[in-house]
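# Coordinate analysis (summary)
Take a look at the letters that make up each chain.
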Amino acid sequence: MNIDDILVDQIKAICITDGKQRVQSILQRQATEIWGEVCEWEGKKPTDPFVRVSPDNPHRRRLDDIMRKAVEMDVRINVRS
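Now for a look at the structure at hand. Residue numbers restart at each chain and count upward from 1, following the sequence in its written direction. Since the coordinates come from a predicted model, pLDDT governs what is reported: local features require at least 70, and pairs of side-chain atoms require 80 or more to be given and counted, while whole-chain, interface and lining totals use all residues. The side-chain values count all of the structure's non-hydrogen atoms but skip hydrogen atoms and water molecules.

### Concerning the overall build of the protein chain
The secondary structure listing takes helices from DSSP runs of H or I that are at least 4 residues long and strands from runs of E that are at least 2 residues long, numbered from the N terminus. The helix and strand inventory of the protein chain stands at two helices and zero strands. Put simply, the radius of gyration uses C-alpha atoms, and a globule should come to 2.2 Å times the residue count raised to 0.38. Compactness check: the protein chain gives a C-alpha radius of gyration of 18 Å against a globular reference of 12 Å for 81 residues, more than 25% above the reference. When its C-alpha atoms are laid out on the principal axes, the protein chain stretches across 60 × 20 × 15 Å. The buried label goes to any residue with under 20% of its type's maximum accessible area, the exposed label to any with over 50%, and the partly exposed label to all in between, with areas taken from a 1.4 Å probe on protein chains only. Buried residues in the protein chain amount to 22% of all 81 residues. A contact between two residues is defined here by any heavy atoms of the two lying within 4.5 Å. For the protein chain, long-range pairs separated by at least 24 residues make up 55% of all intrachain contacts whose partners lie at least 6 apart in sequence. Residue exposure ignores everything except the shown protein chains as possible cover, and the areas themselves are Shrake-Rupley values with a 1.4 Å probe. As displayed, the protein chain offers around 6300 Å² of accessible surface, 55% of which is attributable to carbon and sulfur atoms.

### Description of the environment of Q28
Considering the arrangement of structural elements, one finds Q28 in helix α1 (residues 3-42). For the pair Q28 and M67, spaced 39 residues apart in sequence, the C-alpha separation works out to 9.4 Å.

### Describing the nonpolar core
The definition of a nonpolar core used throughout is a set of buried Ala, Val, Leu, Ile, Met, Phe, Trp, Tyr and Cys residues joined through side-chain atoms within 4.5 Å. By size, the foremost hydrophobic cluster in this structure holds 13 residues, and its most contacted members are L27, A31, W35, L63, I66 and I77. Breaking this core down by element, the ones donating at least two residues are α1 and α2 (60-72). No other element matches the six residues that α1 contributes to this core. With near-sequence residues (within four places) excluded, A31 lies in contact with L63, I66, I77 and V79.

### Considerations on α2
It helps to recall that an α-helix has 3.6 residues per turn; residues three or four apart then point in one direction. Helices are assigned an expected span. That span is 1.5 Å times one less than the residue count. End to end, α2 covers 18 Å across 13 residues, agreeing with the expected 18 Å (1.5 Å per residue, within 8%). Those residues of α2 not exposed but buried are L63, I66 and A70. Burial along α2 is one-sided: seen end-on, the buried residues are contained in an arc of 60°. In this structure, α2 carries R61, V71 and E72 as exposed residues pointing more than 90 degrees from its buried face. Of the surrounding secondary structure, the elements contacted by the buried residues of α2 are α1. Downstream of α2 by a residue or two, D74 has a phi angle that is positive, lying close to 60°. By construction, the arc corresponds to the directions joining the helix axis to the C-beta atoms.

### A closer look at the pattern of salt bridges
We define a salt bridge as a contact between a side-chain nitrogen of Lys or Arg and a carboxyl oxygen of Asp or Glu at a distance within 4 Å. Applying the stated criterion across every chain, the model contains six salt bridges. A salt bridge links D18 to R22; its shortest N-O distance comes to 3.1 Å. Of this pair, D18 and R22 both sit in helix α1, four residues apart, which is roughly one turn of that helix. Here D74 ties to K20 by a salt bridge, and the two come within 3.1 Å at their closest N and O atoms. With a gap of 54 residues between them, D74 in the segment after α2 and K20 in helix α1 connect regions that are remote in the sequence. Assessed through its relative accessible area of 30%, K20 is described here as partly exposed.

Right, dumping it as C-alpha cells:
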C-alpha cells in the first residue's frame, strides 16, 4: 500500500465519521421533538419513566421511521435525558 492509498483511506474514515456525527445530531433533534409529541398525545411527560405508545398514536410512525434510519446509519439516539 502506498502513501496515496493510506491518505485516501484516512480521508474516507474522517468523512464517514463526520457524516455519522452530523446524521446523529439531526436524528437526535428530530427524535426528541417527536418523542415530545408522542408523549403529549399519550398524556404523559417525555421524562416519565414508562410511556406506553398506543398503536393509534399519530406520531408513532414518524418516531419509528427516525429510529429505523438511525439503525440503518449505525448511529445511536436517545429520547431520554
